[in-house]
There are 4 protein chains.
Amino acid sequence: MNAPAILDYRLQPRSAGYNNPPPLQQFLNRSYEQFKSDDSGQLADYIPELTRADPNHFGVSIATIDGHVYEVGDSAVPFTIQSVSKAFVFAYALELLGVDTVEAAIGVEPSGEAFNSIRLTADNRPFNPMVNAGAIACSGLIYQAKRGAAFESIRDMLGRFAGRELGVDEAVYCSERDTGDRNRAIGWLLRNYSVIRGDVDQVLNVYFRQCAVLVTARDLAVMAATLANRGVNPITGEQVISPYVVARTLSVMTSSGMYDYAGEWTYRVGIPAKSGVGGGIIAALPSQIGLGTFSPRLDEHGNSVRGLKLCEALSSRFDLHILNRSADVRTCIIADYDILSISSRRIRQPHEQRLLETHHDDIRIVELVGALNFANMDYVARRLASDRPNAPLLILDFRRVPISPRQVHACLERI
Amino acid sequence: MNAPAILDYRLQPRSAGYNNPPPLQQFLNRSYEQFKSDDSGQLADYIPELTRADPNHFGVSIATIDGHVYEVGDSAVPFTIQSVSKAFVFAYALELLGVDTVEAAIGVEPSGEAFNSIRLTADNRPFNPMVNAGAIACSGLIYQAKRGAAFESIRDMLGRFAGRELGVDEAVYCSERDTGDRNRAIGWLLRNYSVIRGDVDQVLNVYFRQCAVLVTARDLAVMAATLANRGVNPITGEQVISPYVVARTLSVMTSSGMYDYAGEWTYRVGIPAKSGVGGGIIAALPSQIGLGTFSPRLDEHGNSVRGLKLCEALSSRFDLHILNRSADVRTCIIADYDILSISSRRIRQPHEQRLLETHHDDIRIVELVGALNFANMDYVARRLASDRPNAPLLILDFRRVPISPRQVHACLERI
Amino acid sequence: MNAPAILDYRLQPRSAGYNNPPPLQQFLNRSYEQFKSDDSGQLADYIPELTRADPNHFGVSIATIDGHVYEVGDSAVPFTIQSVSKAFVFAYALELLGVDTVEAAIGVEPSGEAFNSIRLTADNRPFNPMVNAGAIACSGLIYQAKRGAAFESIRDMLGRFAGRELGVDEAVYCSERDTGDRNRAIGWLLRNYSVIRGDVDQVLNVYFRQCAVLVTARDLAVMAATLANRGVNPITGEQVISPYVVARTLSVMTSSGMYDYAGEWTYRVGIPAKSGVGGGIIAALPSQIGLGTFSPRLDEHGNSVRGLKLCEALSSRFDLHILNRSADVRTCIIADYDILSISSRRIRQPHEQRLLETHHDDIRIVELVGALNFANMDYVARRLASDRPNAPLLILDFRRVPISPRQVHACLERI
Amino acid sequence: MNAPAILDYRLQPRSAGYNNPPPLQQFLNRSYEQFKSDDSGQLADYIPELTRADPNHFGVSIATIDGHVYEVGDSAVPFTIQSVSKAFVFAYALELLGVDTVEAAIGVEPSGEAFNSIRLTADNRPFNPMVNAGAIACSGLIYQAKRGAAFESIRDMLGRFAGRELGVDEAVYCSERDTGDRNRAIGWLLRNYSVIRGDVDQVLNVYFRQCAVLVTARDLAVMAATLANRGVNPITGEQVISPYVVARTLSVMTSSGMYDYAGEWTYRVGIPAKSGVGGGIIAALPSQIGLGTFSPRLDEHGNSVRGLKLCEALSSRFDLHILNRSADVRTCIIADYDILSISSRRIRQPHEQRLLETHHDDIRIVELVGALNFANMDYVARRLASDRPNAPLLILDFRRVPISPRQVHACLERI
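Residues numbered from 1 in each chain as written. Chains lettered and ligands numbered in written order. Predicted model: local features only at pLDDT ≥ 70, side-chain atom pairs only at ≥ 80, totals over all residues.

Packed helices, taken two at a time, are described by the angle between their axes plus the distance between the axes. All names here are of chain D. Two elements in contact, helix H4 (residues 132-146) and helix H7 (residues 181-192), have axes whose closest approach is 10 Å; the angle formed by their N-to-C orientations is 65°. As H4 packs across H7, the resulting crossing turns out to be right-handed. For the pair H4 and H7, the contacting residues are Asn 132, Ala 133, Ile 136, Ala 137 and Gly 140 in the first and Asn 183, Ile 186, Gly 187 and Leu 190 in the second. A breakdown of the residues in the contact of H4 with H7 according to their chemical character gives five nonpolar, four polar and no charged. (Axes fitted to C-alpha atoms, helices over the stretch in contact; angles between N-to-C directions. Helix = DSSP H or I, 4+ residues; strand = E, 2+ residues; numbered from the N terminus. Left-handed = near helix turned anticlockwise from the far one by under 90°. Contact = placed C-beta atoms within 7 Å. Nonpolar A, V, L, I, M, F, W, Y, C, P; charged D, E, K, R; others polar.)

Structural data, given as structure tokens:
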């Protein structure tokens, strides 16, 4: 459990032309080699056009929230986004129409059923936006607002997530349109319950087109990193979507992104994720990284076999489960050390206190430094409350502290 | 979105005998006043003895991971722990028997059904350890290992989570034993599928007794804080349970702790939680706080009405949704500043470099300071990799950095 | 239990111009008065046009298999046949395409769900032809065979069941076509599973039109009597449908004709029946009568309130439950008496035996008279086998015995 | 379709010592040979003791309602009655406690689930008395009334159905009691909903014992024939159960006797039936025959493989589907001929009329002869009503007519 105190590494002499890649790149390289030999699973066959995919394709990419992109294998090969679009179109619907409208039409409970289940909730809504019914409902809401411009607005939004303009695979779109009988069934059922109000065929065309948008594993990584980065694309710097929408989107990805495998996924991998039958998977680890994988062979849940394995390996190797916040526990300790050593210095260290008191006889300045979270801010508040200075004016210097304004306001308004 | 730069607060002159409480205490005080007037909901009535509870009781407590405990209202009134025990007994079973044994007997998928559902999965296991069937299966596994000592070992373990020895409400135990027909039904069904192998009546006695353990809201807060603190009781300092067990326990609390309200809970509150029909709720925010509430009136899902409201208010007011990691995003920025300003200082500032180079001609020492997570450690790794020093020996000083050993190892082994 | 031996009725002097109607007419008259005051239930409102029905309409008709028709109330008021058509279109599909084709596409198990349930069986077929999904599948099969002539062939077939040409309520058809979103959903789902192979919109047009065919209570009575009469319309004498198709149709009416009320219906009424949301109900008692009722107010299962009551009263008053075959038990006794007194006479009475022996020295003629069923035929067979005559030629005279040829063949081939 | 007019059979000269058996016996002999080679299916293994059965045993028996019993194969080998008892114990509960009490506790809807399903209806009752839950509820109702004498009263009642005292296989009883965990689960669940009110263990002992009652195929045939004979044992002549109870019992056998195969069974075989995991099946064709089969290998629904095949062959060969009443259709025609020729003779033939008129100047006597059912009685009523005699006194002689008193009363009260 204890962090290593001091590590010393005897570095290899830098040989000519050789340089070890960063650890994440090494992880990707090794994992690529390890999993590319796995040819289990089947191509999606419910859309004829999808059976034309090359089953051997395998590409992975990780984008950091400071904008670096790692890649390996077929990370530049385009494929159709399919259900991965659901997360982004749900986010877009929330952004465009507000939570009330969207949540009135679509639930957020896991269904425990397959992605294409036609079952609705007791009050006749789709269970959540990650199953086909909920995604079609999303497209329906956007269609209602944007009419003929609906698809283009979705394509534009997906492109802003990816940081580049995205095209459409017209052959897959046509194949899906002509054979998507089950989705057509869902569409009419939704209209029956007034979840969809417009022209069902038009709504389905929007949905089929959004599923046929072409992306690469690298695009998915950047899109996921935009979610991980509270809606800011780490490459372009654009605020694509509001942070409050991001939290909601990641929530439904957590509870329903992997369908009837969602409980296992949360238990074993613990990173919000979404998969598509085109072979893509995104995983977004808030404030850290976005992952995109592409490998078209699917397991019985419709998830990419190699993609799943890579996600599990990443989570396990780097200890990334969202509920396994080992770093944070120490953050508090370190923050305690850091903040309070610093703030204590200001408060207690005689010479500095003196300095302040000398110059600002009725002002107390407390500078806070380090990673402050809810827990250690509470600690600071308690310290300040119990060790109240005599000075009538307290200046808290937060310039070196990351914290959300709402938390600052909530915690400090009544000190 | 931007953190405030410098806040100045004009403090009230410290009046005699008056001192504002810390913000969390103020929040508890206000929320207590706000919600205690809500008398909606009903006492649990399926166990006769539970109907004798005073419906007006309302107590709340928050324990921080540095060991401070806030309290308000009837936080010292004892009541039976009921289903809240499920989270801890599951953790205990994992610790005692290992994940393989437990996961072979009990699933981790949300059931989408009420807590007392008798439905099992397709392979005849309980859906998860948070529904009665799964909890009885846990007790059965422990009974199989501990036989006659099973209950005492559970009571001891619960006491270590709470930091004090806990008693049993014998009247409630007897009432539950005599009227728990449905749980008895579940017990026999589990034996039918060999999920339980021992004497069903004995297993149920263990289960009924564990449900009748007496706790207070304060106890629950400390128990939750022990989960939030990676298994270390923040009051006693005891490592009650392994961190790897904690992550698994919090995972099932996330996906199934609030039954058929779990999806909504993840979406709206976003803190791993568990409720019991005795009126208790725990919520554990990893690395930050543990919350315990007690109010016996229940909604239609069997969750305490006032407890739910308090959890929602807490999450909303302090922005605590686990997927809304605003602090972390900035942590990276600050870490960048902090770590790299420091490391850069070490690396770049001529006089320090010189100093080191002077004294350690072939050694490069890099001191890292601040909150280091997976993402910014990757950043450091990249910097080091691309800015490889000439010195054959690199010393990384992590003494001021919180990070899990596994992450350090994973990231750095190949720099 | 014993039948009355001799009843004597003191008849009223035949007053001028007055004549008591037959008992069934009296029953209808009394029941009409009794139930017409019941205004509970609601008009179907899922098709806007159906809400225009006059809720007070109430008509009943009974057709006997010898072609007599009783009527009371609004028995000549036309209304749309709706789901009552399902029984006849299923029969038509069986006749047209054969059992293999139809049974491969549609199951025969009760679904335990409402008529418009979208749920399919585990192998993705409609549960049975009495729910919407199964009925649409039937229309689809017929459309596949008849293409553009599909609806006209159905209308023609329904007309032959009714004994007159039937029209279509175009307003209801249009209303159903424009609002039948749920059925459209079902249609696409069926095409998804290749239960429907043709153009879904065309199939639905056939289905919507068949539901909008106009009938009266009298028509329904005749249609039901045609089923009761082994496929022969008792008015026109036409063999509309094969007997083997009739048995299958009555079977699915028995197990699924009244949806999730089917078990209760079999238990309490015990007559194969089918209802429609237009307010019609048919009930077909094999070899006895057909009943048609019309009253548009429906209960929560979608069954006509007054229609149900009338069926229950009819079954109860005249002891018509198909499994309560009191008559048959005695039939055997009487048959025993009748047949054997006669056959015994032939066999045993000396003068007749002699007569036969005199004239036909090597021929034995046995004349059988009365209602012969499987059970008493077995009895005759046993008697003949154990009382084997010496004559080398046995003539069995069945001219006064009703029995199916298959039974005769099966029983006698090896005497 | 037409009945043969006159059949002549050239009989084989009666050879010494050889005599063809009756057709039903021949059918049994042939079918026995045909199906005994089928060794598909598995022994029930959920009760260890059942696995000791000899899988090759195969016995069949048919009992007629005039008391003749056909047999073939191992028809005298005893085996445990298991679920076949459910039909008789339900009948007994109805007889003992009345329909209101029983129907308040147990439903009559098919569940569409396996026999040992633990699912209850929306109002927490067993779906029907043919699934384990409903059967245990029946035993519970009887236990409530009879306490310690409950099982003996059931054994006595089963014996009266069989016409001889029946024993118990104590080894199977003990095996079932010790391993019947699932049924124990069901028992407690029923007590949870107050469907069972007494001591669950005692109720289960009754149930396990009733399942372990020893019968032979011959016993089952007689028991079934008692149901077919409106509750009168055709061997002993005892009225074991009321006719009104018989109709209800046959109804639930029809809709639920073969579990999730019930719809298919009604569709294909059409004879009320019940199977048990001991390998027994009963089928009761009202007013005709009772069938009992024994062969322990079961299909996936838990029905005896050979038993099912024999039932299908019997129904198909002799055209016995309850809804395929070919005989009845002709009965009406013959009855028309017979009754009216006779009654017409009485009414119209001058010399007889004269005879009557001579002696009874103001009396009209109408003698009815033949099988009279509801339909042709209506015909007679219509004839009499339209052809009203002048005589003030009408004597209807029903001595040669089988008809239920209720039907006579209902039809004739107002002529």
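Next comes the rest of the account.
The subject of this paragraph is helix H8 (residues 200-211) of chain A. Residues and elements named next belong to chain A. With 12 residues, H8 ought to run about 16 Å at 1.5 Å a step, and its terminal C-alpha atoms sit 16 Å apart, in line with that. Of all 12 residues in H8, nine are buried; the element is thus mostly enclosed. For H8, the set of buried residues is Val 200, Val 203, Leu 204, Val 206, Tyr 207, Phe 208, Arg 209, Gln 210 and Cys 211. Buried-residue contacts for H8 involve strand E4 (79-80), helix H2 (84-97), helix H4 (132-146), helix H5 (150-162), helix H6 (170-179) and helix H7 (181-192). (Expected span 1.5 Å × (residues − 1). Buried ≥ 20, exposed ≤ 12 C-beta atoms within 10 Å, placed from the backbone.)

Within strand E3 (residues 69-73) of chain B, four of the five residues are buried, which leaves the element mostly enclosed by the surrounding structure. Count of turn residues in the strand E2 (residues 59-64) of chain B/E3(B) antiparallel hairpin: four residues, of which Gly67(B) carries a positive phi of about 95°. (Pairing = 2+ DSSP bridges.)

Residue and element names in this part refer to chain B. Counted residue by residue, strand E7 (residues 280-285) has six buried out of six residues, so it is predominantly covered. Bridging between strand E6 (residues 273-275) and E7 involves three bridges; their strand directions are antiparallel. Bridging from a neighbouring strand, Ser 275 pairs with Ile 281 of E7. In this antiparallel pair of consecutive strands, E6 and E7, the connection spans four residues, and Gly 279 shows a positive phi of 110°. Adjacent in sequence and paired antiparallel, E7 and strand E8 (residues 289-294) are bridged by three residues, among which Ser 287 carries a positive phi angle near 70°.

On to the sheet that holds strand E2 (residues 59-64) of chain D, then. Residue and element names in this part refer to chain D. The antiparallel open sheet is built from five strands, whose spatial order is E3-E2-E8-E7-E6. Strands at the two margins of the open sheet, each flanked by one partner only, are strand E3 (69-73) and strand E6 (273-275). For this sheet the average axis-to-axis angle between neighbouring strands, irrespective of direction, equals 10°. Direction of pairing for E2 relative to E3: antiparallel, over a ladder of five bridges.

The phi dihedral of Ser194(B) is positive, around 60°, even though this residue is not glycine. Here Ser194(B) is to be found in the loop between helix H7 (181-192) and helix H8 (200-211). Its identity is not glycine, yet Arg230(C) carries a phi of approximately 55°, on the positive side. Among the secondary structure elements, Arg230(C) is positioned in the loop between helix H9 (217-228) and helix H10 (243-256). A tally of 25 C-beta atoms within 10 Å means that Arg230(C) is categorised as buried.

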